[in-house]
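Here is what each chain is made of, one letter per residue.
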Amino acid sequence: LIKPLMYNPRRLPPSRGSLLKDIICCLIPLDNVKQCTDMHQLLDQILQGAACLLIQGERQGAALKIVGYKSRTPEEPMTEAVIQGPQEGFTECLDTTISLLRRGLKTPNLALERFILGRVNQAKIIVAYIKGLASPQLVEEVRKRLQRIDMDAILESNYLEELIRDDPLSPFPQILATERPDRVIGGLLEGRVAIFTENTPFALIVPGELISHVQSSEDFYHHTFLSSFIRLMRWGALAVSLLLPGVYVAIVSYHQEMIPLRLLLDIASSSEAVPFPNIVEALLMEVSFEILREAGVRLPRAVGQAVSIVGALVIGEAAVTAGIVSPQMVIVVAMTGITSFISPSFALATSIRVLRFPILLFGGFWGFSA
């Protein structure tokens, strides 16, 4: 920018406009230039990485987009790994995210609307939808909910999710968060609306009903019968993850007539040496499993998996040997933990993990009569 500006302004072509406009048109080798009328607009542009051009005697300034910060390249999403399908995900750079969206969705009907949210730290928000497919009422509702937001900063897309969701008290996710471009494109082609936030690779898809959280983008790349079977298996696994500990404790504690005699004798013999009731056993194992899971996530990747797997094996075997829990309870908790990993949506899996404990308490204190 400096070298063109060293050009003698007196040699500019004659113009009836202002000197600032002449310099922008004839000397500035950029197409992303925004004229600002006050210092507040200039300050906002500077905070976003722009350079500002001020000319003595002119009442306006120019913000020149020369942002040069570093960003990571698109990589395979860690939270939504697939075997078949695209192996790239969104990044924290909003420009890169939009370029990935445009590369996969080549249609002139793709509409992008920009919002600036945050009183202190102003964040750029982009709302994407396809004209003619998305309902105008849905798009207008998204606009209204975003314009209602009044807070200091939007640091991550989950801030928006908490503020625009229908029922804040519901434990289930109501908006689908994903970092896969193909999943966003599929949602847009279904008439949904996508919301992108800078500094986060996760995009929000609205509306995000429960069934969409059980679907994976890989389901659309397989045969119909195979994909349907996998989806049914996911629903069954989620039901097992949510209900198995509570149902087991309720049957063993209050409804022994439902258990075959041979299995009932084995459970009774293995529970003789255990000093705790069934509900305490289940709570101890569930809490221990959740602690190991969180420890494996927070530790370095090379160590975390080994710690979580080895820790679960060692603690389970030691607890059975010491007579703290029964072998059947270890199997129940292990099956519950394994089935909880089958959910493609981390938000839905987390909700089920939380709801598992009240169901366990209800089954332990009241049985099926609860």
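In case you missed it, the structure is sitting above this.
## Looking at the overall build of the protein
Counting its regular elements, the protein contains 14 helices and eight strands. Relative to the 2.2 N^0.38 estimate, which gives 21 Å for 370 residues, the radius of gyration of the protein is 28 Å and therefore markedly larger than a compact globule would have. When the backbone C-alpha atoms are referred to their principal axes, the protein occupies close to 100 × 40 × 35 Å. Burial status across the protein gives 41% buried among its 370 residues. Sequence separation of 24 or more characterises 64% of the internal contacts of the protein that already satisfy a separation of 6 or more. Total accessible area on the protein stands at roughly 21200 Å², and carbon and sulfur atoms take up 63% of it. Averaging the locations of the 33 positively and 36 negatively charged side chains of the protein gives two centres separated by 12 Å.

## Some words on unusual backbone geometry
Among all residues except glycine, the phi angle is most often negative; among peptide bonds, the trans geometry is most common. Cis peptide bonds are those with omega within 30 degrees of zero, and the linkage from Val206 to Pro207 qualifies with -10°. Summarising the element assignment, Pro207 is placed in the loop between strand 8 (203-206) and helix 8 (210-214). Of note in this structure, Asn199 is not a glycine but carries a positive phi near 70°. Relative to the helices and strands, Asn199 is located in the loop between strand 7 (193-197) and strand 8. Overall, the relative accessible area of 52% leaves Asn199 in the exposed class.

The rules behind these values
- Residues numbered from 1 in each chain as written.
- Predicted model: local features only at pLDDT ≥ 70, side-chain atom pairs only at ≥ 80, totals over all residues.
- Heavy atoms only, no water.
- Helix = DSSP H or I, 4+ residues; strand = E, 2+ residues; numbered from the N terminus.
- Rg over C-alpha atoms; globule rule 2.2 N^0.38 Å.
- Buried < 20%, exposed > 50% of the residue type's maximum accessible area, 1.4 Å probe, protein only.
- Contact = heavy atoms within 4.5 Å.
- Areas by Shrake-Rupley, 256 points an atom, 1.4 Å probe, with all protein chains shown as cover.
- Lys, Arg positive; Asp, Glu negative; His and termini not counted.
- Charge placed at Lys NZ, Arg CZ, Asp CG, Glu CD.

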